[in-house]
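Chain by chain, the residues run as shown.
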Amino acid sequence: MKILVVGSGGREDALCWKLKKEKNKIYCASGNGGTERWAENVDINPIDIRSLADFAKKERIELTVVGPEAPLSEGIVNCFEEKGFRIFGPSKEAAELEISKVFAKEFMRKNGIPTACFEVFNSEEKALKYVLNKKFPNVIKADGLCGGKGVFICKDVEIAKKTIYSFMTDKVFGKQGERIIIEDCLFGEEVSYLAFVDGENFLPLPSSQDHKAIFDQDKGPNTGGMGAYSPVSLITEELSKRIKKEIFERTITGLLNLGIKFKGVLYLGLMLTQDGPMVLEFNVRFGDPETQAIIPRLKSSLLEPMMKAIDGRLSNVRLEWDKRSALSVVLASAGYPEKYEVEKEIFGLNQIEGLENILVFHSGTERKAGKVWTKGGRVLSITGYGNDIISAKNTVYSAISNVQFEGMQFRKDIGEKEIRRNNG
Ligand code: AMP
Ligand code: GLY
């Protein structure tokens, strides 16, 4: 089958890798230095929907798979469906769960989906008055998409005031921060739980855990994600049942009540609190870097659940998973997640590509003159398998010791929480 994957990160590289293994012809727009190994890179920006549709028509693409949220929020699925093209991902209306945190929070409140208590403000004066009487820490969030940077945990009233000013007076996120949410701070461990959804039925993927902060021990500013592993032992059979019943089912039914059929991947960002799992955020797509830890564990087809989700026939799909753990570590450029350096030559990839139990996924890279160069903040995701999380971790870090580029930074503690848990 001819498949177009939209996006240019590590997530898309992992999706292209798996779909190529299933003997498909893959195109990736715009791709990176890694997707070139499995796909033909197409020089079209992932948000240039019209050009993507023209390309899909010209090349007779049989399935388009959307990686990032930006084209979903711009309505790529609505556009392709109107033209009669097959596309895997939610409509703009369904993507509202990720596009607007206010929509998501009000939706959860209405449908009894567990989440932190919150209030919405579009007046700065009212927000400032409200935080004066609020318990600290609390959490202030911009309504719209801010590339993972629109959430602040405020320890005291001064930080809260500064955050409100920066969103609403200085408009650091423009329109995205005109409305804000102030919510209770939740405590516990964060877990990502994703499922394929066909409008009515859902099929969960194994649990995973992202590591959002740039430095070890969750220190420093948040990033797109510095590493992930799967599965997470915290998600027991019993907890999984509860998440399905209280969150996935209520979300899908709640959307159906609004006349919305969600098709694609629904990603729950959960906090496992003493009072049970609560939703921190919805995403309407595969996670990055979670995908680099989850998809290598999928032994059965990836194409099948995608096609069946589109057709509303997920209920008869069974997924088969590798019992081993997978752990993925992101190698990032100097300066990331702030301004970062690019165009550094990457050394050592040849030494680890093809190693047993290792997969190399690319994010911000490009190939020039037979060499691989850095091109983005997150550069590579190195994934390793192991019979347990410790051996997966050792395999990955030992592979990483062969890779080098100027200013390369990465976390040394991916998976450590799970290791500590398993060892009492
Ligand atoms: P979000 O984009 O809403 O998932 O927020 C980004 C990150 O902020 C999350 O991954 C959490 O680490 C943190 N966060 C968001 N909301 C809360 C909350 N209510 N309590 C504690 N931490 C939160
Ligand atoms: N890993 C977080 C995300 O994909 O949004």
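Fair warning: this is a prediction, and the values are worked out from it, not measured in the lab. (Residues numbered from 1 in each chain as written. Chains lettered and ligands numbered in written order. Predicted model: local features only at pLDDT ≥ 70, side-chain atom pairs only at ≥ 80, totals over all residues. Heavy atoms only, no water.)

Caption draft 1: Region of the structure containing the nonpolar core. In this structure, Ile76, Leu331 and Ile382 are the most contacted members of the largest nonpolar core, which totals 74 residues. With residues near it in sequence (within four places) discarded, Ile76 still touches Val6, Ile49, Leu52, Val66, Pro71 and Ile87. Grouped together as the second largest cluster of nonpolar side chains are 37 residues, Leu19, Val65, Leu203 and Ala309 included. (Core = buried A, V, L, I, M, F, W, Y, C linked by side-chain atoms within 4.5 Å. Buried < 20%, exposed > 50% of the residue type's maximum accessible area, 1.4 Å probe, protein only. Contact = heavy atoms within 4.5 Å.)

Caption draft 2: Layout of the site of ligand 1. In the vicinity of ligand 1 there are 16 residues, among which Lys141, Glu183, Asp184, Leu186 and Glu190 approach most closely. A distance of 2.7 Å separates a nitrogen atom of ligand 1 from a polar side-chain atom of Glu183. The side chain of Lys212 places a nitrogen or oxygen atom 3.0 Å from an oxygen atom of ligand 1. Protein coverage of the free-state accessible area of ligand 1, which is 470 Å², stands at 91%. Among the secondary structure elements, those contributing two or more residues to the shell around ligand 1 are strand S7 (138-142), strand S8 (151-154), strand S9 (180-184) and strand S17 (276-283). (Near = heavy atom within 4 Å. Polar contact = N/O pair within 3.5 Å; in protein donor to acceptor, adjacent residues only side chain to side chain. Areas by Shrake-Rupley, 256 points an atom, 1.4 Å probe, with all protein chains shown as cover. Helix = DSSP H or I, 4+ residues; strand = E, 2+ residues; numbered from the N terminus.)

Caption draft 3: How the structure looks around helix H1 (residues 10-21). Along its 12 residues, H1 runs 17 Å from first to last C-alpha, staying within 8% of the 16 Å computed at 1.5 Å per residue. The element H1 is extensively covered by neighbouring structure, given that 10 of its 12 residues are classed as buried. When we look at burial in H1, the residues that qualify are Gly10, Arg11, Glu12, Asp13, Ala14, Leu15, Cys16, Trp17, Lys18 and Leu19. Looking one or two residues beyond H1, the residue adopting positive phi is Lys23, at roughly 70°. (Expected span 1.5 Å × (residues − 1).)

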